[in-house]
Amino acid sequence: VSAGNGCGHTLLTPHSGTLSSKNYPGTYPNHTMCRWRLQVPPDTSLLLAFGDVDLEPSEHCAHSSLLLADLQAGTAYGPYCRNSAPSAPLLVTNSSTVTVLFNSTSHRSGRGLLLSYATSQHPGMRGASPGMQRHPWDVVYCPAGCKDIYGDIWGNPSQGYRDTSVLCKAAVHAGVIADELGGQVTLSREKGITLYESAFANGLHSKRGSLSEKRLIFHKVCSLLSPACDDVLEVATFNASSWWHEVDALGQSRSWGAEQAALSTTGHSWAAEPGAKAAWLELDLGTRRNVTGIITKGSSEQHNYYVMSYHISSSRDRKNWRPYRGSSGQEDKVFEGNFDSHGEVSNAFIPPIVARYIR
């Protein structure tokens, strides 16, 4: 729960989360406050990672401050500001409930605050820090809410990521964790490469950038249903709600049929009939498969056509369809699609879909 006019990016879940002050990492506003109430399961306790605490200094942090109150233990941590910063980047509490209080008065500078939390079951937590991600671990725990944190990532799942990338943000981009859930990440450090190409994946843009000493390689944990979960699945049949019968200026016709929808198809793609409502494309995988993600691309023809967003549904019998709701399970997930007609965009299914038919 969060309340107040000084709250910035906030994503709180029962097991992890991320929060920041308003405008972070820009200067936080004057005369604002925010109160976050963090709560994890009662058989666990809270770990808090201070990603950034940059509040204008004042005596006893009287002008702007961060205070953490453990009401169960009757303990308070802080107040914190620039001249009274936390003594360690990770705070281990003995409580499952902590209240975080932020307030500001008139001030001239300061980025504000960025905090992450997880339960005591994840001692290897890596906060949603925007800073340099030099780390000694092979396995880290990334909290929910890292996707919208300020900071750059270079690279893509096939190349790996430059080691100065925001680690947990890169993990979301790679499709190994869902931002709304967080999770454990297994990675290794390998020799860097000359150039990292940019990509748009899972709602995030990475940057095109030059070489680094090391690169981060994220390792996917594949379902036992499909040991090689990175394999491209073969589609037995494509079907669609409709398709466009184009007639050009010379009177020649061309069908943008469903069979043109495969990513490897040369020439024009599938397109629904112009003006069609609730258009859909259907993939028959031939048998029930474990589907871990999707890659989409636009028409790559003289027509600048592409799909900007879409829903996914699945079926085992082509009669009963289940909308994909992702890891949150609350609402049908809207996937961010393409923004031009030629670039490829990846989206991961976390958890995977087990089905024969995908729409």
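Residues numbered from 1 in each chain as written. Predicted model: local features only at pLDDT ≥ 70, side-chain atom pairs only at ≥ 80, totals over all residues. Heavy atoms only, no water.

*Asks:* Teacher, can you tell me more about the UniProt feature "domain: CUB" (unreviewed entry) in the chain here?
*Replies:* Summarizing the sequence annotation, UniProt attributes the feature "domain: CUB" (unreviewed entry) to residues 7–120 in the numbering used throughout. Annotated as residues 7–120, this span is 0% helix and 53% strand, and its ends, taken at the C-alpha atoms, are 25 Å apart. (UniProt positions renumbered as here; feature names shortened; annotations may be inferred. Helix = DSSP H or I, 4+ residues; strand = E, 2+ residues; numbered from the N terminus.)

*Asks:* Sorry if this is basic, but what is going on with the pairing of strand S3 (residues 16–21) here?
*Replies:* For a regular strand, the rule is simple: side chains alternate between the two faces of the sheet. Here S3 lies mainly inside the structure; six of its six residues are buried. What you see with S3 is no split at all: Ser-16, Thr-18 and Ser-20 on one side and Gly-17, Leu-19 and Ser-21 on the other are buried throughout. Note that strand S2 (residues 7–12) and S3 share four bridges and pair antiparallel. Residue pairing across strands places Leu-11 opposite Thr-18, the latter belonging to S3. Hairpin connection of S2 to S3: three residues between the antiparallel strands. (Buried < 20%, exposed > 50% of the residue type's maximum accessible area, 1.4 Å probe, protein only. Pairing = 2+ DSSP bridges.)

*Asks:* Just to check I follow, could you spell out the nonpolar core for this structure?
*Replies:* Generally speaking, a soluble globular protein has its nonpolar side chains buried in company with each other. Core analysis: the biggest nonpolar cluster contains 25 residues, and Trp-36, Leu-66, Leu-68 and Leu-115 have the highest contact counts within it. Only strand S4 (33–39), strand S5 (46–54), strand S6 (64–70), strand S7 (75–80), strand S9 (97–104) and strand S10 (112–119) provide two or more residues apiece to this core. Here this core gets four residues from one element, more than from any other, and that element is S5. Sequence-distant contacts of Leu-68, defined by excluding residues within four places in its chain, comprise Leu-48, Phe-50, Thr-75, Ala-76, Tyr-77, Tyr-80, Leu-91, Val-98, Thr-99, Val-100 and Leu-115. If you look at the next biggest cluster of nonpolar residues, it comprises 22 residues, including Tyr-24, Val-140, Ala-171 and Ile-177. (Core = buried A, V, L, I, M, F, W, Y, C linked by side-chain atoms within 4.5 Å. Contact = heavy atoms within 4.5 Å.)

*Asks:* Would you explain the side chain of Asn-202 in this entry?
*Replies:* Within the secondary structure, Asn-202 is located in the loop between strand S16 (200–201) and strand S17 (204–205). Side-chain polar atoms of Asn-202 contact the backbone oxygen of His-173, separated by 3.1 Å. Every residue in contact with Asn-202, bar those within four places of it in the chain, is listed here: Lys-147, Val-172, His-173, Ala-174, Gly-175, Ser-346, Asn-347 and Ala-348. (Polar contact = N/O pair within 3.5 Å; in protein donor to acceptor, adjacent residues only side chain to side chain.)

*Asks:* What exactly am I supposed to notice about the state of the cysteines here?
*Replies:* Two cysteines, two sulfur atoms, one covalent bond between them: this is a disulfide. Under the definition given, this model contains three disulfides. Through a disulfide, Cys-61 is tied to Cys-81; the S-S separation comes to 2.2 Å. Across the S-S bond of Cys-61 and Cys-81 the torsion is about -75°, and the bridge reads as left-handed. One end of the pair, Cys-61, is in the loop between S5 and S6; the other, Cys-81, is in the loop between S7 and strand S8 (90–92), and 20 residues separate them in sequence. For Cys-81, a relative accessible area of 0% gives the class buried. Between the sulfur atoms of Cys-142 and its disulfide mate Cys-168 the distance is 2.2 Å. The disulfide joining Cys-142 to Cys-168 has a torsion of about -80° about its S-S bond and is therefore left-handed. On the criterion of sequence distance, the pair formed by Cys-142 in strand S11 (residues 139–142) and Cys-168 in helix H1 (residues 167–174) is long-range, its members being 26 residues apart. The class for Cys-142 is buried, based on a relative accessible area of 0%. The exposure class assigned to Cys-168 is buried, which follows from its relative accessible area of 2%. Cys-168 provides the cysteine sulfur closest to Cys-146, a residue in no disulfide bond, and the two sulfurs are 4.4 Å apart. (Disulfide = S-S within 2.5 Å.)

*Asks:* For this particular structure, what's the right way to read the UniProt feature "domain: LCCL" (unreviewed entry) in the chain?
*Replies:* Feature annotation in UniProt places "domain: LCCL" (unreviewed entry) on residues 138–216, given in this structure's numbering. Across residues 138–216 one finds 10% helix and 37% strand; the C-alpha atoms that close the span lie 10 Å apart.

*Asks:* Would you take a moment to explain the packing of aromatic side chains for this structure?
*Replies:* In this description, an aromatic ring pair is defined by two values, namely the gap between the centres and the angle between the planes. Under the counting rule described, the total for this entry stands at 11 aromatic pairs. Here Tyr-161 and Phe-218 contribute two aromatic rings whose centre-to-centre distance is 5.6 Å and whose plane-to-plane angle is 75°, an arrangement assigned as edge-to-face. With Tyr-161 in strand S13 (residues 160–162) and Phe-218 in strand S19 (residues 214–219), this pair connects stretches of sequence that are 57 residues apart. For Phe-218, a relative accessible area of 12% gives the class buried. Judged by centre distance (5.1 Å) and plane angle (35°), the rings of Trp-244 and Trp-256 are tilted. Here Trp-244 is found in strand S21 (residues 244–247), whereas its partner Trp-256 is found in strand S22 (residues 253–256), with 12 residues between them in sequence. Given a relative accessible area of 16%, Trp-244 falls into the buried group. (Phe/Tyr/Trp six-rings, centres within 6.5 Å; stacked < 30°, edge-to-face > 60°.)

*Asks:* It is not clear to me how the domain arrangement of the chain should be interpreted in this structure. Could you clarify?
*Replies:* For an interface, size is often stated in terms of accessible area lost upon the parts coming together. Per the domain assignment, the segments making up the chain are domain 1 (2–119), domain 2 (137–226) and domain 3 (237–358). Spacing between the C-alpha centres of domain 1 and domain 2 amounts to 26 Å. Contact with domain 1, which involves 12 residues of that partner, is made by 11 residues of domain 2. For the pair domain 1 and domain 2, the number of links is zero salt bridges. The tally of links from domain 1 across to domain 2 stands at three residue pairs in polar contact (both at pLDDT 80 or more). Elements supplying a minimum of two residues to the side of domain 1 that touches domain 2: S2, S3 and S10. Among the elements that make up the side of domain 1 that touches domain 2, the one with the highest residue count is S10 (four residues). (Domains from an automatic or database assignment. Salt bridge = Lys/Arg side-chain N within 4 Å of Asp/Glu carboxyl O.)

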